[in-house]
Every structure is written in structure tokens, then in C-alpha cells.
Amino acid sequence: MQNKFYLYTRKSTDVEDKQVLSIEAQLVELREYAKRENLDISAEYIEKKSAKSPGRPIFGKMLADIEQNGGNILAWHPDRLARNSIDGGQIIYLLDSSRLTTLKFPSFWFESTSQGKFMLSIAFGQSKYYVDNLAENTKRGLRQKVRRGECPGRAPLGYINDVRTKTIVVDKHHAPLVIKALELYAVGDKRLQDIADFLASKNVKTDGGLPLKKDQIAKILTNPFYYGHIRYAGEVYEGKHTPIISKKLFDDVQTVYEKRRHKRTTKHNEPKPLCGLLRCGSCNMMITGENQTKRQKNGNVHYYTYYHCTKKRKGIKCPESHIRQEVLDEQLSSLLNEYAMPDSWASTLNKMLAEDEQKEQNASGVFVANAQTKIVNLQSKLQRLLDGYLDQDIEREVYVTNKAQLMSEKKSLEEQSSKLTLASSAWVEPMRKWIETAVSICKTTANDDLLAKKSLCLEIFGSNLLLKNKKAQPPAAQEISPTFRGPETSSLKTSFQEKVSLQTATGSSHPSENIWFLLRKTKEKIARMGDNSEFCPFLVRVRGL
Ligand SMILES: [Zn+2]
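## Quick look at the overall build of the protein
So, step 1. Regarding its fold elements, the protein presents 17 helices and 14 strands.
So, step 2. For the protein, with 545 residues in total, the buried portion stands at 22%.
So, step 3. Intrachain contacts of the protein at a sequence separation of at least 6 include 64% that bridge at least 24 residues.

Here is the structure:
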């Protein structure tokens with residue numbers, strides 16, 4: 001086994017292998033070398049692939065044989081074996097694990113010692129460096145080419161590479177088709193597929209004889225080459241070739257392309273405005289939205305948004321069907337309109353509110369003024385106490401006790417008066433805002449701002465709206481619990497605060513329990529009575545409802 005050698009030769013069509021001995025020459029040299037050194041060659045491996053990246057089948061097979069049976073390798077130079085770090089590492093590993101005993105190269109001295117392995121890894125590394133360097137040089141060469149205004153690589157559709165002059169010239173057959181395709185797209189009503197179909201109908205195909213795909217069409221539509229520029233590695237250079245379209249046409253195409261692309265992405269990704277508002281009346285899962293496109297035979301395109309149950313509930317086959325956004329919008333609007341407050345009510349309520357606010361401010365004003373006087377008194381008492389203590393008329397113990405008591409009284413008064421000042425306005429603003437919202441409902445439902453309608457629905461119904469039998473509906477109205485009924489004499493304030501705090505305390509805003517519900521009930525009642533004058537007590541005297 002000591003003497004069993006695997007002979008490996010490799011030469012690829014890569015540029016960097018140009019200077020390397022041909023495979024035949026490598027074989028001759030290696031066989032002679034083996035004879036001279038008295039090496040027993042048990043197998044020969046011939047590879048015609050690049051070693052830039054891993055994945056050479058013959059090389060892999062050789063390593064597998066060594067792994068299984070052990071042995072040695074004979075090759076012309078380390079760079080025949082590896083030009084990437086993975087393959088190089090594999091060989092070093094086989095040496096380390098003693099499956100591979102040694103390596104022989106006519107053009108490179110190697111000894112299986114730690115120093116030898118180190119040298120070998122450097123040889124592999126240098127090969128890698130050479131590859132990296134070459135790739136860098138090639139790129140640099142291409143960049144140099146575009147700077148000179150020459151197109152690196154293959155000419156785009158509509159042009160051909162003239163190999164004799166090494167320039168790019170207009171393809172007389174395809175250029176008019178490319179121009180036509182760009183003009184068609186610039187109109188704005190064509191999809192990428194339509195352009196692909198057009199080119200296919202003119203027999204424009206890929207090298208493989210297939211019609212162009214949508215992403216290839218997109219590349220054509222956005223290639224500045226056609227108006228005279230070259231885009232290379234994200235940068236645009238002036239080209240030397242003949243433009244076939246105007247910059248104006250190109251810009252028109254870009255506008256359409258961006259618009260249509262944007263349309264498509266928003267269509268798919270934007271959350272639908274009424275999502276997250278309703279639950280399914282059958283299985284209680286959330287209702288979600290989805291866009292649909294309908295193409296008619298006459299070429300008209302319609303976009304619809306549908307809402308439907310997510311149907312994610314396990315074990316239940318939900319029977320509910322979908323609903324069009326327009327229909328749902330109409331239903332929600334009419335639901336909301338039931339909660340709208342007539343303008344005349346609002347002005348009366350606002351007047352009452354202003355009166356209540358004034359009364360309250362007066363009441364608290366009196367208290368606050370009293371408290372202020374008391375605080376001033378306490379202050380002077382404290383001063384006198386300190387004077388007495390400093391004049392040594394009062395014992396320290398008495399001073400400390402009395403001072404603590406006066407300070408505590410003063411603190412309580414200060415706290416109460418600041419609380420009162422705040423409290424008088426604490427309920428007025430929310431109430432005023434509520435009236436404002438209630439009045440503007442009709443305005444909100446009349447326009448098509450779906451998000452505004454959604455947030456209004458959430459305020460009134462919470463997340464309790466259901467969609468059942470293609471109909472949006474509040475949960476079944478419940479009787480108002482007796483504890484929620486205000487006393488006959490309750491003021492606007494207590495009535496409002498009760499309803500609002502109820503809402504926040506229970507964490508739910510079930511419409512049968514909140515102030516919106518009272519508003520709707522009152523409207524119904526007054527409609528029954530056919531009289532609009534006696535509405536005011538509805539909030540004040542809830543019992544009557
Ligand atoms: Zn459902």
C-alpha cells in the first residue's frame with residue numbers, strides 16, 4: 001500500500017489552464033516520473049473540469065477510493081488537485097487521518113510532515129489566490145470595456161455581436177420587433193405576458209427555442225441599452241452602439257412598468273381596510289379580505305375585494321360564503337347610521353354640557369378657594385411654631401409633633417384642590433368629543449373612507465360585529481342589566497361617566513351596554529313618539545328607556 005499511487009491529471013478549458021501541460025503531456029510526464037521513482041500506479045484519473053469550485057466527479061471518486069483503501073496521489077502540481085479551499089482541505093484532512101500517506105509532484109516538493117502539509121496548504125492557497133485574482137482581473141477588464149462604451153458579453157435582443165469588428169450592431173430583423181414591443185407596452189394596458197405573447201407570435205424565441213418569459217420581457221423593457229446607454233454592475237455608461245429608441249419612449253415605458261409593478265404589489269400585500277373588524281357568525285374565526293381580478297373576453301379588467309371567513313377553526317366546516325367589499329361597506333354604513341345623532345340634539349346637549357361644566361367649576365372653585373385660605377393659614381401657623389421653637393418658648397418635642405401635624409394637613413388640602421381642578425374638566429372633554437363623533441357619523445358613512453368607518457365600528461361595537469349569511473350584524477341585543485340604569489335625578493355627568501366607566505371597566509363595549517346603545521334606543525323611542533322635543537332626558541333619566 002505504501003507504494004500504491006493514484007495518478008491524477010486535470011486540464012480545463014479555463015483561461016488559467018492555458019499555460020498548463022495538456023492531459024496527454026501530463027500523463028507522459030507522470031508515468032515517466034513514476035518509473036524513475038519506482039512508484040506503483042494502481043489507477044489513473046483523468047479530469048477535464050475546472051477546479052475553481054468544488055464538485056469534480058473524478059476527483060471525488062479518487063478521494064472516495066483513498067478514503068476506502070488508502071493510498072498515495074501523484075499529480076503534476078498541487079494546483080491540479082485543488083483550486084478551492086474545500087477540496088484543498090479534504091486532501092489535508094486525508095493526510096491527517098493517515099488514509100492518504102503521501103503526495104508526489106514532479107514540479108513541487110512535498111513531505112508528509114507538519115511542515116510539508118503547511119507548505120501544501122500554501123500551494124493550494126496560492127492556487128485559490130490565483131483564481132480570485134484572475135476573476136478580479138477579468139471583472140476589471142470588463143469594466144474597462146464598458147468604460148470605453150463597449151458592451152461586455154452578449155448583445156441584447158435587437159442587436160448582434162459582430163465578431164469580426166468585435167462591436168455590437170443593430171439586428172435588422174429583431175430590432176423593429178423590440179421597438180414595437182416597447183411601444184405596445186408604453187400604451188399602459190399591456191401586461192408582461194401580453195408582450196411575451198406578441199414576441200412569440202413574431203417567432204422571437206430563446207436559444208432553446210422557447211418563447212420569452214415574463215422576467216426576460218421585464219429585462220428588455222428596462223434595459224437602457226436600447227436608447228444608447230450600457231448598464232453594468234448597477235452603473236450606467238455611455239455606449240458606442242446605435243440606439244434604436246428615443247429616451248422619451250424608454251421613460252414612458254419605465255413609468256408604465258413602475259406603475260403596473262406597484263399596482264400588483266399593493267394589490268397583493270396591502271391589508272384590506274375592513275380586515276380585523278368582523279368575526280364569522282358561524283365559527284367565530286376572523287373575517288379576512290382578498291383581491292380578485294376578473295378579465296372579461298372583451299379585454300375589460302375588473303378588480304374586486306371580497307371578505308370571507310378564514311375558516312381556520314379545526315373540526316368545523318364553516319358554511320359561510322364571501323361578501324363583496326361594496327356590499328359590506330353599505331351594510332356597515334347603515335348600521336352606523338342608526339347611531340348618528342341629529343344636529344339639533346347635539347346643540348342642546350352641548351348647551352347642557354356647558355352649563356354643567358360651569359356649575360361644576362363654580363362648585364369646585366368655591367372649594368379650591370377655601371382650601372387656599374386654609375393653606376395660607378397653615379403656613380403662617382407653621383412659621384409661628386418655628387419662631388416659638390427658635391425663641392426657645394417651645395420644647396423641641398412639641399415643635400416636632402405639631403409641625404408634623406400641620407404639614408400633613410397642608411399636604412392633604414393641596415392634593416384635594418389640585419385633584420378637583422383637574423376633575424372638573426376630566427369628563428367634559430370626552431363627552432364633547434363623543435357628541436362630535438356622534439353627529440359626524442352621517443358624514444363618515446356618506447363618503448368611502450373605509451378605515452374611518454372601521455374605526456367608528458370598533459368604537460361602537462368593539463370587536464363584536466359578526467358576519468353571518470352575508471350580513472354584518474351586531475351580536476344579539478341583550479337586555480340592559482338593571483344595575484346600569486341611572487337614577488332619575490342623575491346629571492349629565494354621572495350618566496355619561498357611568499356609561500364610559502362601564503365600558504372601560506368591563507373591557508368590552510357591547511353595544512347594549514354603552515352610551516351608543518342609549519343614543520340609538522332614544523332615537524327609536526322618539527321616532528315612535530313622532531316628537532323630537534323631549535329627547536334631552538334620555539341621558540339624564542335612563543330609567544325611562
Ligand atoms: Zn366561519
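More follows now that the structure is in view.
## Concerning the sheet that holds strand β13 (residues 466-468)
So, step 1. Pairing within the open sheet is mixed, and its three strands lie in the order β9-β13-β14. Of all strands in the sheet, those bounded by a partner on one side alone are β9 (279-280) and β14 (471-473).
So, step 2. Sheet topology note: the β13/β14 ladder contains three bridges and is antiparallel. When the sheet's bridge partners are listed, Leu466 is paired in β14 with Gln473.

## So, the sheet that holds strand β10 (residues 287-295)
So, step 1. In space, the three strands of this open sheet follow the order β10-β11-β12, with antiparallel pairing throughout. At either margin of the open sheet sits one strand with a lone partner, and together these are β10 and β12 (323-324).
So, step 2. Examined bridge by bridge, strand β11 (residues 301-309) and β12 share two bridges and lie antiparallel to one another. Note on β12: the bridge partner recorded for Tyr307 is Ile323.

## Looking at the packing of helix α10 (residues 325-337) against helix α14 (residues 450-461)
So, step 1. At a minimum axis separation of 11 Å, α10 and α14 run at an interaxial angle of 50°. When the axis of α10 is compared with that of α14, the two are oblique. Handedness of the crossing formed by α10 with α14: left-handed. Residues Asp329, Leu332, Ser333 and Leu336 of α10 form the contact with α14, whose own contacting residues are Leu450, Lys453, Leu456 and Cys457.
So, step 2. Within the contact of α10 with α14, the residues separate by chemical class into five nonpolar, one polar and two charged.

## Describing the packing of helix α11 (residues 343-390) against helix α13 (residues 428-446)
So, step 1. Interaxial distance between α11 and α13 falls to 10 Å at its minimum, and their mutual angle equals 175°. In terms of axis orientation, α11 runs roughly antiparallel to α13. Of α13, the residues touching α11 (which contributes Asp343, Ala346, Leu349, Asn350, Leu353 and Glu357) are Val428, Met431, Arg432, Ile435 and Val439.
So, step 2. Residues that form the contact of α11 with α13 fall into these classes: seven nonpolar, one polar and three charged.

## Overview of α10
So, step 1. Counted at 1.5 Å a residue, the expected span for α10 with its 13 residues is 18 Å, and the 18 Å between its end C-alpha atoms agrees.
So, step 2. Looking only at α10, the buried set comprises Leu328, Leu332, Ser333 and Leu335. Summarising the axial view, the buried residues of α10 lie within an arc of 160°, below the 170-degree limit, and thus occupy one face. Facing away from the buried side of α10, by more than 90 degrees, are the exposed residues Glu326 and Ser334.
So, step 3. Contact partners of the buried residues in α10: β11, β12, α13, α14 and β14.

## Digging into the confidence of the model for the protein
So, step 1. Of all residues in the protein, 83% attain a pLDDT of 70 or more, and the chain-wide mean is 80.
So, step 2. Taking the mean pLDDT of every element in the protein, the minimum, 47, falls on helix α17 (residues 537-540) and the maximum, 94, on helix α6 (residues 175-187).
So, step 3. Below a pLDDT of 50 lies the segment residues 478-490, which in the model reaches 16 contacts outside its immediate sequence neighbourhood of four places, other chains included.
So, step 4. Confidence over residues 536-545 falls short of pLDDT 50; this stretch has 26 contacts with residues more than four positions distant or in other chains.

## Things to note about the nonpolar core
So, step 1. Within the largest apolar cluster, 30 residues are counted, with the highest numbers of intra-cluster contacts made by Tyr339, Cys457, Ala472 and Leu519.
So, step 2. Listed by contribution, the elements that provide at least two residues to this core are β11, α10, α11, α13, α14 and α16 (515-529).
So, step 3. The greatest single-element share of this core, amounting to five residues, is contributed by α16.
So, step 4. Taken domain by domain, the makeup of this core includes at least three residues from each of domain 3 (279-337) and domain 4 (476-545).
So, step 5. Core analysis: the second largest hydrophobic core is formed by 25 residues, Ile168, Val178, Leu199 and Val253 among them.

## Quick look at the environment of Asn337
So, step 1. Secondary-structure assignment places Asn337 in helix α10.
So, step 2. Residue class for Asn337 comes out partly exposed when judged on the 13 C-beta atoms lying within 10 Å of it.
So, step 3. Sequence separation of Asn337 and Arg520 is 183 residues, and the distance between their C-alpha atoms is 9.4 Å.
So, step 4. Those residues in contact with Asn337 that lie beyond four places of it in its chain are Ile441, Cys442 and Thr445.

## A short note on unusual backbone geometry
So, step 1. If you check the backbone angles, Asn38 has positive phi at about 65° while not being a glycine.
So, step 2. Locating Asn38 in the fold gives a position in the loop between α1 (23-37) and β2 (40-47).
So, step 3. Here Gln392, not a glycine, exhibits a phi torsion of approximately 65°, which is positive.
So, step 4. Relative to the elements of secondary structure, Gln392 occurs in the loop between α11 and α12 (396-426).

## What about α1?
So, step 1. With 15 residues, α1 should cover 21 Å at 1.5 Å per step; its first-to-last C-alpha distance of 21 Å lies within 8% of that length.
So, step 2. Two residues or fewer after α1 comes Asn38, characterised by a positive phi angle close to 65°.

## A few points about the pairing of strand β1 (residues 4-10)
So, step 1. Of all seven residues that make up β1, six are buried, and the element is covered over most of its length.
So, step 2. Pairing between β1 and β2: seven bridges, direction parallel. Across the sheet, residue Thr9 finds its bridge partner in β2, namely Ile46.

## Some words on the environment of Lys374
So, step 1. Mapped onto the elements of the fold, Lys374 is located in helix α11.
So, step 2. Classification of Lys374 by C-beta neighbours within 10 Å gives partly exposed; the count is 16.
So, step 3. Separated by 36 residues in sequence, Lys374 and Lys410 have C-alpha atoms that sit 8.0 Å apart.

The rules we used
- Residues numbered from 1 in each chain as written.
- Predicted model: local features only at pLDDT ≥ 70, side-chain atom pairs only at ≥ 80, totals over all residues.
- Helix = DSSP H or I, 4+ residues; strand = E, 2+ residues; numbered from the N terminus.
- Buried ≥ 20, exposed ≤ 12 C-beta atoms within 10 Å, placed from the backbone.
- Contact = placed C-beta atoms within 7 Å.
- Pairing = 2+ DSSP bridges.
- Axes fitted to C-alpha atoms, helices over the stretch in contact; angles between N-to-C directions.
- Parallel < 35°, antiparallel > 145°, perpendicular 65-115°, else oblique.
- Left-handed = near helix turned anticlockwise from the far one by under 90°.
- Nonpolar A, V, L, I, M, F, W, Y, C, P; charged D, E, K, R; others polar.
- Expected span 1.5 Å × (residues − 1).
- Arc of directions from axis to C-beta.
- pLDDT = per-residue confidence, 0-100.
- Core = buried A, V, L, I, M, F, W, Y, C linked by C-beta atoms within 7 Å.
- Domains from an automatic or database assignment.

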